[in-house]
Amino acid sequence: MHHFDYKHGALHVEDIPLSDIARDVGTPFYCYSSATLERHYRVFAEAFKAPETLIAYSIKANSNLSVVRTLAKAGAGADVVSRGELRRALTAGVPATRIVFSGVGKTRDEMAEALEAGIYQFNVESEPELQALSECAQSKNKQAPITLRINPDVDAGTHEKINTGRAENKFGIAWNKAREVYAHAASLPGIKIVGVDVHIGSQITALDPFEQAFKRVSELVKDLRADGHNIQRLDLGGGLGIPYAAQGQIPPHPDQYAAMIARVTGGLDVQLIFEPGRLIVGNAGLLVSRVIYVKHGENRAFVILDAAMNDLIRPALYDAHHDILPLAQPAPTAPYAPFDVVGPVCETGDSFAQNRDLPPLNAGDLVAIMSTGAYGAVQSSEYNTRPLIPEVMVHGGQMAVVRRRPSYEDMMAVEPMAQWLK
Ligand SMILES: *Cc1c(COP(=O)(O)O)cnc(C)c1O
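Bear in mind the structure is a predicted one, so any value in this text is a computation, not a measurement. (Residues numbered from 1 in each chain as written. Predicted model: local features only at pLDDT ≥ 70, side-chain atom pairs only at ≥ 80, totals over all residues. Heavy atoms only, no water.)

Moving on, we come to the site of the ligand. Lining the immediate environment of the ligand, one finds 14 residues, of which Lys60, Ser202, Glu275, Arg278 and Tyr375 sit closest. One nitrogen or oxygen atom from the side chain of Lys60 is found 2.7 Å from an oxygen atom belonging to the ligand. Take Gly239: an N or O atom from its main chain is 2.9 Å from an oxygen atom of the ligand. Along the lines of polarity and charge, the residues of the shell around the ligand split into two nonpolar, seven polar and five charged. (Near = heavy atom within 4 Å. Polar contact = N/O pair within 3.5 Å; in protein donor to acceptor, adjacent residues only side chain to side chain. Nonpolar A, V, L, I, M, F, W, Y, C, P; charged D, E, K, R; others polar.)

Within the element layout of this structure, Arg149 appears in strand 9 (residues 144–151). The exposure class of Arg149 is buried, given its relative accessible area of 6%. Side chain to side chain, Arg149 and Glu125 meet in a polar contact 2.9 Å long. (Helix = DSSP H or I, 4+ residues; strand = E, 2+ residues; numbered from the N terminus. Buried < 20%, exposed > 50% of the residue type's maximum accessible area, 1.4 Å probe, protein only.)

The next thing to look at is the nonpolar core. Ranked by internal contacts, the top residues of the largest apolar core, which has 101 residues, are Phe122, Ile146, Val196, Phe214 and Tyr257. Counting residues per element, this core draws most heavily on helix 8 (residues 207–226), which supplies seven residues. Among the domains, domain 1 (4–31 + 282–413) and domain 2 (103–274) are the pair contributing at least three residues each to this core. Not counting chain neighbours up to four residues away, the residues in contact with Val196 comprise Thr147, Leu148, Ile150, Tyr182, Val217, Leu220, Val221, Leu224, Ile231, Arg233, Leu234 and Asp235. In this structure, Leu11, Ala22, Met370 and Val394 belong to the second largest nonpolar core, which totals 18 residues. (Core = buried A, V, L, I, M, F, W, Y, C linked by side-chain atoms within 4.5 Å. Domains from an automatic or database assignment. Contact = heavy atoms within 4.5 Å.)

Relative to each other, helix 8 and helix 9 (residues 254–265) sit at 25°, their axes nearing to 10 Å. With respect to their mutual orientation, helix 8 and helix 9 come out roughly parallel. Both helix 8 and helix 9 take part in a crossing whose hand is right-handed. Listed contacts from helix 9 to Leu207, Phe210, Glu211, Phe214, Lys215 and Ser218 of helix 8 are Gln256, Tyr257, Met260, Ile261, Arg263, Val264 and Thr265. (Axes fitted to C-alpha atoms, helices over the stretch in contact; angles between N-to-C directions. Parallel < 35°, antiparallel > 145°, perpendicular 65-115°, else oblique. Left-handed = near helix turned anticlockwise from the far one by under 90°.)

Under the domain assignment, the protein is made up of domain 1 (4–31 + 282–413) and domain 2 (103–274). On a C-alpha basis, the centroid separation for the pair domain 1 and domain 2 is 36 Å. Surface buried jointly by domain 1 and domain 2 totals about 810 Å² across both partners, of which 51% is contributed by carbon and sulfur atoms. In terms of surface lost to domain 2, no three residues of domain 1 exceed Asn283, Tyr318 and Asp323, which account for 44% of the buried area on that side. Linking domain 1 to domain 2 there are zero salt bridges. Linking domain 1 with domain 2 are two residue pairs in polar contact (both at pLDDT 80 or more), by the criterion used here. Across the side of domain 1 that touches domain 2, the residue classes tally to three nonpolar, five polar and three charged. (Buried area = accessible area lost by both parts, 1.4 Å probe. Salt bridge = Lys/Arg side-chain N within 4 Å of Asp/Glu carboxyl O.)

Among the residues making up helix 5 (residues 108–117), those that are buried are Glu110, Met111, Ala112, Ala114 and Leu115. Against helix 4 (83–91), strand 7 (99–101), strand 8 (121–124), helix 6 (127–139) and strand 9 lie the buried residues of helix 5. A positive backbone phi angle near 80° is found at Gly118, which sits one or two residues after helix 5.

Below you can see the structure in the form of structure tokens.
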């Protein structure tokens, strides 16, 4: 469910026509719906009955400060994977005691900063990291609260670039080494074991891989307790998928996900932690772009947009599907025809859709690339010296530019000319 609907023939975000925003801020731009963000958070949070459950929004999906603040106000914690994300979470008002720190390559500087902030836990992914964290904490006379991220060796059945739970991935500690590494962790003076962590991938649209993984880690919790470890928390990661096409496959509802988890982890008496990203923000955002040209080639017709792969890389990187809707509602009788929808960047991969049935479009028309709230703006670049596009947030009838479009002067100001070239 989201708050992007046609009203009086015009695509709106909450109470505002997107074409009004296009007129005010220019295209392309990302637009987020505050009500949708809040709703997605609430639906997920309400699926879990235990009051101590921590929902740590995965900042990497969309790290805009207003997005993070909206979720923090709704009660979310944060899952961060870098010092930058830690600072964003704190700046947006997420209490340190609701922040978890994930990632395979935390540096000692990052660990030090997170320890100083007093975060809730580190999800540790290797023995060298454990060693470094222990030393870092010891030098501050602290103990770092940790879980170990266990790689349960299940195949999430998702795209290979976002599959993280198989034995051959770089993530986590091998399933069969877990008890040994926990024993080592318990011997380190700067480490305090608090739980177990797992995250098997992203855009997972079936419950089965989750269930397999969660069964394995639930067994592990029992084994670790039998070994004498104090396991109080079970962090089950993120990864629950979203529908990307109006007519497409519908992933499990958070209520079904929660019911499965209650079944698998029931009786363990642990605090559950979740790190949803895409599920919260994916369908709460879209990208508005203007048609520059419609080009009729030999065998194909192209719609050339002013947005490109540098603004939204998901189709090029993951072969992702995004619905594309004209901002002006097509007449019910409009003749649909297949188009390739592409951007202006000099790469064949700069394509948003191939052979997509679209109503008639003309140069100057506006379209929305739907479901781009997650892994959209955060993965953008200035390739082809295209300025990062603005991000706009709508709240009922109000709108705010929550990230400005930089000027070309801003972009070049960070590139001082080498002194011998001046
Ligand atoms: C990316 C990531 C998430 C969020 O994944 P989504 O699919 O966006 O829910 C959660 N935890 C970890 C460790 C991640 O790397």
